[in-house]
Amino acid sequence: MHDTPPSVPDFTQWPSFPFEGELRVKQLDDPVPVEPPRKGEGLRECTACNAPDDAYIWVGERWRVRAMDRPTGLPMVLILESRTHLDLGDLPNLLAAELGVMTVRLERAIRSLDGVARVHVNRWGDGSAHLHMWFLARPYGRLQLRGTFLSLWDSILPPISEAQWRENLALVAAWLAEFGGRPLAEPPRIQWQAPSSLLAQSAAADAAAAAAAAVSVIEAAEEIPEPAPDADDSTDADGDTKTDGDTDPDTGTAPRATTADPATGTNAATTDPATEPAGASAPGPADVAGPAGRTATAGTQPTSNPRTSEDAPTAR
């Protein structure tokens, strides 16, 4: 017989807690003797390693950045991944140092967007063995969204407009491309239509957004660990461990892509954002740069000098 569930913890009374009303704490399941493998472990295929570069908003030699497949309630949700199939504790010293540089750059790029006050950086890793770091933008002035429940609020809030979402993606990609790599996100196209057509299009977009099912960022990445398989269905007739074919949005190692610059003849994808070419002074984690304004688009480089400009959010 299970013990009486514990009382509801104090954090349910925090202003940032997304729910109200009568709550109950679940009974804690018994621990399993062996945890099930994550995606990319054992015989389970890592779909991250086979993802093409065009599934990302920015790609470099050793790192890639991807977005959700549609707008969510927060201004921006991005995932930083290594190309190599490694987990956080498996990183060699070079990649570990670059992870710090990339984390700072991506945080500053997201924080430069209009309406962003803070960027929450998270790593769970219960769904996939391929390293992936989450970056969630907290809207400016929304004090109720502060703290540990931001990922829950993302699936509760109404999604932002797709046009704003795509513009934000292009701005972040352009910021990262200031240090190398290739920006792949493009700004939204201008729809030249009559006012009556614009109203009809806006109404249809609002209806489609309302009909879309809300999925939290944790569920989208399958960060929730899967239950341990029963002894009867964990292996097939040959004694091999069964695997499922679920799609994991985590993406990683892929054939190294290069794009020749017609002006210089150099390969853009071979320039790593965390290191500088030989003979140049390499920027440290505090060396940052970004668009001087907020009008940068993918494929265009911000005019500021990455070696002299300060990467600070625009004053609001």
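In what follows, the structure referred to is the one given above.
Residues numbered from 1 in each chain as written. Predicted model: local features only at pLDDT ≥ 70, side-chain atom pairs only at ≥ 80, totals over all residues. Heavy atoms only, no water.

Engineer: So what exactly am I meant to see when it comes to the overall build of the chain here?
Structural biologist: Tallying secondary structure elements over the chain gives 5 helices and 6 strands in all. Reading the helices (α) and strands (β) of the chain from amino to carboxyl end gives β-β-β-α-β-β-α-α-β-α-α. A burial count over the chain gives 39% of its 316 residues as buried. Counting contacts in the chain only where the partners sit at least 6 residues apart, residues at least 24 apart contribute 69% of the total. On the chain, roughly 18000 Å² of surface is accessible, and the fraction owed to carbon and sulfur atoms is 54%. (Helix = DSSP H or I, 4+ residues; strand = E, 2+ residues; numbered from the N terminus. Buried < 20%, exposed > 50% of the residue type's maximum accessible area, 1.4 Å probe, protein only. Contact = heavy atoms within 4.5 Å. Areas by Shrake-Rupley, 256 points an atom, 1.4 Å probe, with all protein chains shown as cover.)

Engineer: Looking at this structure, I do not really get the pattern of salt bridges. What am I missing?
Structural biologist: When the charged atoms of two side chains with opposite charge come close together, those side chains can pair. Enumeration according to the criterion identifies 11 salt bridges in this entry. Residue Arg38 is joined to Glu41 by a salt bridge in which the shortest nitrogen-to-oxygen separation is 2.9 Å. Residue Arg38 is classed as buried on the basis of its relative accessible area of 16%. Of the residues examined, Glu41 reaches a relative accessible area of 26% and is grouped as partly exposed. The partner of Arg111 in a salt bridge is Glu107, with the nearest N and O atoms 2.8 Å apart. Here Arg111 pairs with Glu107, and both are found in helix H1 (residues 93-111), just 4 residues apart, close to one helical turn. For the pair formed by Arg111 and Glu107, the shared burial category is buried. (Salt bridge = Lys/Arg side-chain N within 4 Å of Asp/Glu carboxyl O.)

Engineer: What is the right way to look at helix H3 (residues 162-177) in this model?
Structural biologist: Since the α-helix advances by 3.6 residues per turn, residues separated by three or four positions end up pointing in the same direction. Here H3 spans 22 Å end to end across 16 residues, near enough to the 22 Å set by a 1.5 Å rise per residue. Buried within H3 are the following residues: Trp165, Asn168, Leu169, Ala170, Leu171, Val172, Ala173, Ala174, Trp175, Leu176 and Ala177. Buried-residue contacts for H3 involve strand E1 (58-59), strand E2 (63-67), strand E3 (77-82), H1 and strand E6 (182-183). (Expected span 1.5 Å × (residues − 1).)

Engineer: Help me out: how do you make sense of the sheet that holds strand E5 (residues 132-139) in this one?
Structural biologist: Sheet architecture is open: 6 strands sit in the order E4-E5-E3-E2-E1-E6, paired in antiparallel fashion. Unpaired on one side and paired on the other, strand E4 (116-122) and E6 mark the two borders of the sheet. With 2 bridges joining them, E1 and E2 adopt antiparallel strand pairing. The residue of E2 that forms the bridge with Val59 is Arg64. In this fold H1 packs onto E1, E2, E3, E4 and E5, with an angle of close to 155° to the strand it touches most, E4. (Pairing = 2+ DSSP bridges. Axes fitted to C-alpha atoms, helices over the stretch in contact; angles between N-to-C directions.)

Engineer: Explanation requested: the nonpolar core in the structure shown.
Structural biologist: Across soluble globular proteins, nonpolar side chains have a tendency to be buried as a group. Ile57, Leu78, Leu80, Leu106, Ile110 and Val172 are the most contacted members of the largest nonpolar core, which has 33 residues in total. Of all the elements in the fold, those that place two or more residues in this core are E2, E3, H1, E4, E5 and H3. The biggest single contributor to this core is H3, with 8 residues. Aside from chain neighbours lying at most four places away, what touches Val172 is Ile57, Leu78, Leu106, Ala109, Ile110 and Leu113. Formed by 11 residues, the second largest nonpolar core is a distinct cluster that contains Phe17, Leu74, Ile79 and Leu150. (Core = buried A, V, L, I, M, F, W, Y, C linked by side-chain atoms within 4.5 Å.)

Engineer: Please clarify how the pairing of E3 should be interpreted in this entry.
Structural biologist: It is a general feature of regular strands that their side chains alternate between the two faces of the sheet. For E3, the buried fraction is high: 6 of the 6 residues fall into the buried class. Where burial is concerned, the two faces of E3 agree: the one with Val77, Ile79 and Glu81 and the one with Leu78, Leu80 and Ser82 are both buried. Pairing between E3 and E5: 5 bridges, direction antiparallel. Bridge pairing in E5 links Val77 to Leu136.

Engineer: What is the right way to look at a nonpolar patch on the surface in this model?
Structural biologist: A cluster of nonpolar residues, Val8, Phe19, Leu23, Leu152 and Ile156, forms a patch on the protein surface that exposes about 370 Å² of accessible area. By secondary structure assignment, the location of Phe19 is in the segment before E1. (Patch = residues over 30% accessible without salt bridge, like charges linked within 9 Å, V, L, I, M, F, W, Y side chains within 5 Å.)

Engineer: Explanation requested: the environment of Gly40 in the structure shown.
Structural biologist: For Gly40, the location among the structural elements is in the segment before E1. On the basis of relative accessible area, Gly40 is assigned to the buried category, the value being 19%. For Gly40, the residues in contact, after removing those within four places along its chain, are Glu45, Cys46, His85 and Ala129.

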